[in-house]
Amino acid sequence: MVNERFSRLEDQIQRLVEGGFARLFADRLHPRDVLTRLAHAMEDRSQETETGDLLAPDVYIVRLNPQDHEEILASGADLVDQLADELVKMARSADLKLISRPRIRLLADLTVEPHDITVSAQHTRPKVETTQAMPLKIQENQAGPEPPKAALIVDGERHIPLAEPVLNIGRQRDNHLILDEPEISRHHIQIRLRFGRYVLFDLTSKQGTLVNANPVQEHILQPGDVITLANHSLIYVEEDVADDDPGAETLEKTQSAPGQTEQQTGNHVS
């Protein structure tokens, strides 16, 4: 089911990228990056209803560098409505329900790098019965299994437990795991817990990502997988990481600096 869900979303994203969707971004952002991050936010914040269906969030916060934000708005493209339409299609592809048409907020954020975005999602209402949701084609979903107790062995030295649902790896200081060298992209990969498995996503890095010597964009991690990022080797293992293990590190995400400004476009959520 997990592989099928990822495959359907990837197919939907590819169709949009090959179409006229790119014109909405005024050559400031890559459409695949935008759609992929929206899809990740949709799945990661989905909630199980009382009847066992998965309910997608209905509010999405898209943060952009102020220059990108200004130029995209100045282009006159109806970006907010178009993104909402595509979120409905992606929810249908992933067998997720919606209680209403998704609402998009575009924010100018000084902490976001040029030509990059961050996306977060939330629900405006508590969990609801399936009968209250928008009518989308749904297949029966089972609750995901308990996540494995997993870790990364970095360069044969550091033992990094995967204790959180998201692990960002890259050169920039706001990553959970920082690999500070020029060959590593600012935000190189992300490891997410999705439907009971850890999944690796390459964040359109310049040098690319290898798993077991094969280039990947997205990969469901299996014990023993070797992730190669430039000159660094990360081995994915599933095991119990003892609390008193002297090699275990606790990862705390660096808080973003203040400096966000908000501009609303269209009919946004307050």
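Since we're looking at a predicted model, the values are computed, not measured.

So, about the sheet that holds strand β16 (residues 232–238). In spatial order, the strands read β7-β6-β16-β15-β12-β13; together these 6 strands make up an open sheet with antiparallel pairing. The open sheet has two free edges, formed respectively by β7 (158–161) and β13 (214–215), since each of these has just one partner strand. Of the strand pairs in this sheet, strand β12 (residues 210–211) and strand β15 (residues 226–229) are connected by 2 bridges, and their pairing is antiparallel. Note on β15: the bridge partner recorded for L210 is T228.

With that settled, consider the environment of I220. Along the polypeptide, I220 turns up in strand β14 (residues 218–220). Its relative accessible area of 14% is what places I220 among the buried residues. Remark: the alpha-carbon pair of I220 and R194, spanning 26 residues in sequence, is separated by 9.3 Å.

Let us look at the pattern of salt bridges. On inspection of all chains with the given rule, the structure shows 10 salt bridges. For the salt bridge of D44 with R194, the shortest nitrogen-to-oxygen distance reads 3.7 Å. Of this pair, D44 sits in helix α2 (residues 31–44) while R194 is found in strand β10 (residues 189–194), placing the two residues 150 residues apart along the sequence. According to the relative accessible area criterion, R194 is buried, its value standing at 3%. The shortest N-O distance in the salt bridge between E86 and K89 comes to 3.6 Å. Here E86 pairs with K89, and both are found in helix α4 (residues 79–93), just 3 residues apart, close to one helical turn. Given the relative accessible area of 2%, E86 is considered buried. Salt bridges here are not isolated pairs; linked through shared partners, they connect E43, D44, R192 and R194.

Let us now look at the pairing of strand β11 (residues 197–202). Counting buried positions over the 6 residues of β11 gives 5, a clear majority of the element. Two strands pair when backbone bridges link them, and β10 and β11 are joined in this way by 6 bridges, in the antiparallel orientation. Paired with I191 across the bridge in β11 is L200. The turn joining β10 and β11, which pair antiparallel and follow one another in sequence, is formed by 2 residues; a positive phi near 55° is taken by F195. Two elements, β11 and β14, share 3 bridges in a ladder whose sense is antiparallel. The residue of β14 that forms the bridge with V199 is I220.

Cut-offs applied
- Throughout this description, residue numbers start from 1 for each chain and increase along the sequence as written.
- Residue-level local features of this predicted model are given only where pLDDT is at least 70; pairs of side-chain atoms are given and counted only at 80 or more, and the full residue set underlies all totals for whole chains, interfaces and linings.
- Neither water nor hydrogens contribute to the side-chain values; these are computed over all heavy atoms in the structure.
- Any two strands with at least two DSSP-identified bridges between them are counted as paired.
- Helix and strand labels come from DSSP, where a helix needs a run of H or I of at least four residues and a strand needs a run of E of at least two; each type is numbered from the N terminus.
- Only protein chains enter the calculation, and the probe is 1.4 Å; a residue is then buried if its accessible area is under 20% of its type maximum, exposed if over 50%, and partly exposed in between.
- Salt bridges are defined as contacts in which a side-chain nitrogen from Lys or Arg sits within 4 Å of a carboxyl oxygen from Asp or Glu.

So yeah, pure geometry; function would need other evidence.
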